[in-house]
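# Structure assessment
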Amino acid sequence: MKVIVFDLDDTLYDEFEFVKSGFHAVASFLAENFNINETDSFQWMWESLQTQGRGLIFDDLLREYRLYTKKLAKRCLTIYRTHKPKLTLPEESVRCLESLKQYPLYVVTDGNKVVQHNKLQALGLYKIMKHCFVTHRYGIHHAKPSPYCFLNIAKREKVSTNEIVYIGDNPMKDFVGIKPLGFKTIRIMTGQHREKKVTTDYDADYTIQSLNELIHIINTI
Ligand SMILES: [Mg+2]
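Residues numbered from 1 in each chain as written. Predicted model: local features only at pLDDT ≥ 70, side-chain atom pairs only at ≥ 80, totals over all residues. Heavy atoms only, no water.

### Remarks on the coordination of the magnesium ion
Every protein donor of the magnesium ion is listed here as Asp7 (OD), Asp9 (O) and Asp169 (OD), and their distances to the metal cover 2.1 to 2.3 Å. Summarised as a motif, the one-chain spacing of the donors to the magnesium ion is D-x1-D-x159-D. (Donors = N, O, S within 2.8 Å, 3.2 Å for Na, K, Ca; no water.)

Structural data, given as C-alpha cells:
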C-alpha cells in the first residue's frame with residue numbers, strides 16, 4: 001500500500017460525541033434565552049435520540065417546552081450545525097495514525113461542509129492528514145459512493161488505484177463505488193452500521209473490529 005485514506009464519522013471517532021456536543025450547545029442556548037434547565041433539555045434530546053432516532057428532535061423539544069416556532073427550530077438547527085464541537089481523537093485513532101505516519105494519509109468524508117470542517121478542526125486532523133476531502137465541496141453528486149475524490153487522490157499521489165486503501169464503516173456507500181476501480185477497502189465494524197449485512201459488491205475486501213487491527217492488515221495487503 002502507498003496511500004491510506006480514512007472515512008471520518010464512526011471510523012476515526014464516534015459520531016455520537018459530535019451529536020452530544022451539539023445537543024449541549026442547543027441546551028445552553030435555550031438555558032440562556034428561555035431559562036430552561038440545561039441538564040433537563042439535554043437529557044430530553046439524548047433520550048429522544050435513542051428512542052425516536054434523528055429527524056425532528058429540535059421541533060419536538062420546543063413543543064415539549066411550549067416554545068415551538070418554525071423560526072426557533074431553525075435557529076436550534078443552525079446552532080447545532082455551526083457550534084464549535086468539543087471533540088478529542090480517541091487514543092486508539094491517535095496510536096493508529098502515528099503508526100502509519102510514513103504513508104500519505106487522507107480523509108474522505110461526506111456531510112455538511114461547515115459541520116465536517118468543524119469536526120476535522122476539533123479533532124486536530126488537519127495537522128495529521130496530508131489533505132481532508134469534504135466531498136460536498138465538490139458538489140453533492142461527488143459524495144460517496146462517487147469515486148471522484150478518491151481518483152483525485154490517485155492523481156495527486158501519482159499512484160494506481162490498487163495502491164490506495166480506504167477504511168470506512170458504512171457498507172451502503174463507502175466501498176461500492178471505488179471497489180470496481182481497483183481501490184482496496186477495509187470495513188471497520190463500529191457505529192450504527194456495524195450489524196448491517198450487505199452483498200459482496202457493497203462490502204469491503206477486509207474487515208476489522210477496531211483500528212488496533214489496521215496496521216497488521218495493511219502490512220499484509
Ligand atoms: Mg462513517
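### Observations concerning the sheet that holds strand β5 (residues 184-188)
On the basis of which strands lie adjacent, the open sheet formed by 6 strands has the order β3-β2-β1-β4-β5-β6 and parallel pairing. If you trace the sheet from one side to the other, it starts and ends with β3 (131-134) and β6 (206-208), each paired once. Direction aside, neighbouring strands of the sheet carry axes that sit 20 degrees apart on average. Sheet analysis places strand β2 (residues 105-109) next to β3, joined by 4 bridges and oriented parallel. Of the residues in β3, the one forming a bridge with Tyr106 is His131. (Pairing = 2+ DSSP bridges. Helix = DSSP H or I, 4+ residues; strand = E, 2+ residues; numbered from the N terminus. Axes fitted to C-alpha atoms, helices over the stretch in contact; angles between N-to-C directions.)

### Remarks on the domain arrangement of the chain
Often the size quoted for an interface is simply the accessible area lost on bringing the parts together. According to the domain assignment, the chain consists of domain 1 (3-13 + 89-220) and domain 2 (16-82). Computed over C-alpha atoms only, the centres of domain 1 and domain 2 are separated by 30 Å. With 7 residues of domain 1 at the interface, the matching set in domain 2 holds 5 residues. Both sides of the domain 1 and domain 2 interface together cover about 470 Å² of buried area, and 62% of this is carbon and sulfur. Taken together, the connections running from domain 1 to domain 2 amount to 0 salt bridges. Inspection of the domain 1/domain 2 interface yields 0 residue pairs in polar contact (both at pLDDT 80 or more). Classifying every residue of the side of domain 1 that touches domain 2 by side-chain character gives 3 nonpolar, 3 polar and 1 charged. (Domains from an automatic or database assignment. Contact = heavy atoms within 4.5 Å. Buried area = accessible area lost by both parts, 1.4 Å probe. Salt bridge = Lys/Arg side-chain N within 4 Å of Asp/Glu carboxyl O. Polar contact = N/O pair within 3.5 Å; in protein donor to acceptor, adjacent residues only side chain to side chain. Nonpolar A, V, L, I, M, F, W, Y, C, P; charged D, E, K, R; others polar.)

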